[in-house]
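# Topology and contacts: notes
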Amino acid sequence: MRRIASVVAVLIAAAAWNSPALVAFCGFYVAKADTKLFNKASQVVLVRQGDRTVLTMANDFKGDPKEFAVVIPVPTVLQKGQIHIGEKALLDHLDAYSAPRLVEYFDEDPCQQILYERAMPMPRASAVAGGMAERDTLAKSLGVKIEAQYTVGEYDILILSALQSTGLETWLRESGYRIPPGAADVLTSYIRQNLKFFVARVNLKEQAKLGFTMLRPIQVAYESPKFMLPIRLGMVNADGPQELFVYALSSKGRVETTNYRTVKLPTGMDVPVYVKSRFPDFYKAMFSRQAAKENLSAIFTEYAWDTSWCDPCAADPLSSAELRQLGVFWVADLGNGTRPGPRFPIPVPGAQGVFMTRLHVRYDAAHFPEDLVFQETADRTNFQGRYVLRHAWTGDSTCDAAVHYRAELTQRHEREAQNLAGLTGWNITDIRRTMNVDAPPAEPAAWWQKIWK
Amino acid sequence: MIRAAFRFLRPIARDPRHYQIAILSALLAYGMLGLDFDIDSGSSAVILSTALLTQYLCTRAWHLSSFDPRSPLISGLSLCLLLRTDDIELALAAAVVAVASKFIFRVNGKHLFNPTNIAIVGLMALTGRVWVSPGQWGNVAFFAFLMACLGGLVVNRASRSDVTYAFIAFYMTLVFGRSLWLGEPLTIPTHRLQNGALLLFTFFMISDPRTTPNSRVGRILFAFLAACGAWYIQFRVFRTNGPLWSLAICSLAVPLIDWLLPARRYEWGQPKPEALLVEATKPQRIPFKEVHI
């Protein structure tokens with residue numbers, strides 16, 4: 001018997017007059033009213049234990065809700081209870097909790113030194129990045145079967161199966177979804193793997209009744225040995241590389257990809273203090289440079305930590321209620337509502353049994369030809385993207401230590417400038433100018449350099 | 001003087017294990033320095049030392065004539081390249097299992113499992129606290145090419161390149177065949193085959209001449225079974241590291257294949273293996289001390 005698969009998320013959208021446009025999940029794409037598709041950052045939460053997966057997909061679609069539609073390959077015909085509409089705030093919390101962060105240290109008077117630290121979060125990931133009878137008849141004639149249909153929250157959802165991609169493509173197009181050219185080729189392989197298609201569009205009446213202005217994330221729960229995320233459909237009409245953030249929540253440990261290199265983001269470097277006011281630029285430039293260094297073929301781990309604590313915390317840890325809402329089914333609801341978990345309880349490791357991995361990938365068809373495949377590892381080593389600001393002491397003490405401190409400060413600033421240039425690729429001269437420091441004195445000329453001058 | 005150097009190097013060059021040790025060491029250095037493998041030099045040193053120590057102790061326990069460090073070095077280096085764990089004790093256990101398995105699991109004078117393979121698969125199955133990161137190599141074509149060349153050199157020296165080429169051919173057919181059937185672009189199967197971990201498996205693990213069947217037909221049959229198993233685990237059961245699991249399972253069939261298709265057994269560093277014939281039809285117990293491990 002065929003063990004098919006998993007989830008996939010793909011977005012296709014359609015925009016046609018009076019009909020749903022499109023949207024994107026999983027790095028998928030977002031469509032504007034016209035045909036042009038623009039890439040946006042997508043966020044996905046993957047909750048995994050054994051063969052059970054809960055997938056949450058969020059997008060930052062800001063257009064007219066009636067122009068929104070998604071198509072997501074799923075392994076089985078989902079029952080209504082397997083579909084849920086989540087809250088965007090949960091993803092924002094996950095994002096803030098796991099984002100790369102700046103840590104500040106303030107130098108004390110060198111004569112009586114004590115250091116303390118303060119953490120601040122990084123920019124959020126989102127900142128970076130017809131008639132029923134007629135429809136059924138048409139579906140049948142095209143080899144498309146409407147397996148189920150539900151209204152969940154503000155979405156009308158169809159579960160489709162298809163015999164061939166051209167039939168599915170035609171049906172979607174006839175039903176008002178505009179499929180990007182080339183999507184049929186990708187649909188073929190999903191159909192041959194016996195995947196079903198989860199199609200959602202906004203029910204405007206329900207949306208008005210519920211009073212939501214933003215589109216909320218769609219969650220699906222399913223059981224399948226496949227642990228992967230389909231990105232191929234989203235790349236069909238992609239306008240350049242796309243950005244995807246995956247928050248993987250596992251009871252076992254860190255999650256990594258098995259068919260692409262998973263690399264840790266550089267961390268722990270001292271950078272100039274002015275980065276504090278340019279953190280989003282720093283983060284984007286650093287990520288771009290690191291991705292380029294990996295030949296645009298790697299996925300970056302930005303955070304890996306037991307969710308029961310953090311150090312330093314960019315945001316409070318998630319409460320058990322929040323984790324359950326995200327689909328972490330093995331965590332008991334402790335009844336603490338949205339009350340955050342403690343920041344420093346260094347608890348029994350794995351007390352909540354949830355280990356979080358934040359993965360960030362910039363991908364395009366040339367470097368990521370196949371869907372992302374993941375595995376849970378037993379690695380519970382903590383990791384975070386963390387960058388250190390050291391504020392210089394500006395007092396006027398004149399003890400020996402203070403004199404020595406001032407002499408070393410120049411070298412420290414130079415190291416910070418070099419670090420920043422290395423991480424981001426920014427021009428070292430510009431960095432020094434912004435830091436208001438001079439370049440280090442050139443090495444004295446060699447004796448032979450003056451001979452023939 | 002040149003003649004003297006040649007005389008000195010000739011026996012070294014004759015044994016493919018020397019090439020294998022050099023290449024695995026170079027790959028480990030590249031992995032640690034260039035690819036940021038999740039293993040540090042301290043852990044590597046501990047794994048290698050444990051493998052050597054286990055070999056020494058087993059040599060004494062089984063009353064072998066001499067201690068040969070080459071095989072445990074190869075097993076230790078392979079473990080450093082493939083095995084990942086947070087617990088150093090499990091890494092040590094893997095080194096012990098790898099080397100000790102050669103002495104314990106023996107049929108007709110041959111050890112049954114590739115040492116590295118059984119250590120990794122055994123610990124993954126029993127503890128769930130070790131893993132292999134097949135994506136750690138990336139898919140840089142240059143690197144794949146380099147590994148293939150270097151690996152090819154080793155297997156050619158080991159005179160068992162047939163099993164490697166047969167495995168590649170069968171596995172490629174299956175992977176490309178599935179993609180063609182699904183209508184996937186060929187960049188997908190190509191990307192899957194450009195995996196450094198797969199190349200390492202193909203050129204350095206399944207090619208182990210001491211654990212593959214003795215006859216050429218048997219080896220090709222073995223490669224076919226291993227490729228089918230790897231494909232099934234990878235693409236039908238959807239588990240990672242299909243080749244590793246498949247090799248461990250298929251190794252159990254090697255005595256049967258040797259029985260069905262008898263031939264001479266391979267010995268390391270012997271230019272004329274005919275001198276060490278073992279008639280499989282008349283199983284002949286080889287004195288343990290004569291076996292190179």
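Parameters and conventions
Residues numbered from 1 in each chain as written. Chains lettered and ligands numbered in written order. Predicted model: local features only at pLDDT ≥ 70, side-chain atom pairs only at ≥ 80, totals over all residues. Helix = DSSP H or I, 4+ residues; strand = E, 2+ residues; numbered from the N terminus. Buried ≥ 20, exposed ≤ 12 C-beta atoms within 10 Å, placed from the backbone. Domains from an automatic or database assignment. Contact = placed C-beta atoms within 7 Å. Nonpolar A, V, L, I, M, F, W, Y, C, P; charged D, E, K, R; others polar. Expected span 1.5 Å × (residues − 1). Bend = angle between axes of the 7 residues up to and from the residue.

Another point: the environment of B:Ala169. All names here are of chain B. Structurally, Ala169 is set in helix H8 (residues 161-182). C-beta crowding within 10 Å serves as the criterion here: with 14 such atoms nearby, Ala169 is assigned to the partly exposed category. Through-space distance from the C-alpha of Ala169 to that of Phe224 is 8.9 Å; in sequence the pair is 55 residues apart.

Here the focus is the domain arrangement of chain A. All names here are of chain A. Partitioning chain A into domains gives domain 1 (29-387) and domain 2 (393-441). In this assembly, 16 residues from domain 1 lie in contact with 19 residues from domain 2. Sorting elements by how many residues they give to the side of domain 1 that touches domain 2 places helix H8 (residues 279-293) first, with 4 residues. Per-class residue counts for the side of domain 1 that touches domain 2 are 11 nonpolar, no polar and 5 charged.

All names here are of chain A. Note on placement: Ala148 falls in strand S9 (residues 144-152). By C-beta crowding, Ala148 is classed as partly exposed, having 16 other C-beta atoms within 10 Å. Between the C-alpha atoms of Ala148 and Phe227, which are 79 residues apart in sequence, the distance is 24 Å. Dropping the residues within four chain positions of it, Ala148 is found in contact with Val77 and Ile159.

What follows covers helix H10 (residues 400-424) of chain A. Residues and elements named next belong to chain A. Compared with an ideal rise of 1.5 Å per residue, which puts 25 residues at 36 Å, H10 spans 36 Å between its outermost C-alpha atoms and is within 8% of the ideal. At Leu409, H10 shows its strongest bend, of approximately 25°. All of the buried residues along H10 are Tyr405, His413, Glu416, Ala417, Leu420, Leu423 and Thr424. Looking at the buried side of H10, the elements it contacts are strand S17 (270-271), H8 and helix H11 (428-435). Immediately beyond the C-terminal end of H10, within one or two residues, lies Gly425, with a positive phi of roughly 80°.

Glancing now at helix H12 (residues 242-251) of chain B. All names here are of chain B. For H12, the buried fraction is high: 9 of the 10 residues fall into the buried class. All of the buried residues in H12 are Gly242, Pro243, Leu244, Trp245, Ser246, Leu247, Ala248, Cys250 and Ser251. Each element contacted by the buried residues of H12 is listed here: helix H6 (115-127), strand S4 (130-132), helix H10 (196-205), helix H11 (216-235) and helix H13 (254-260).

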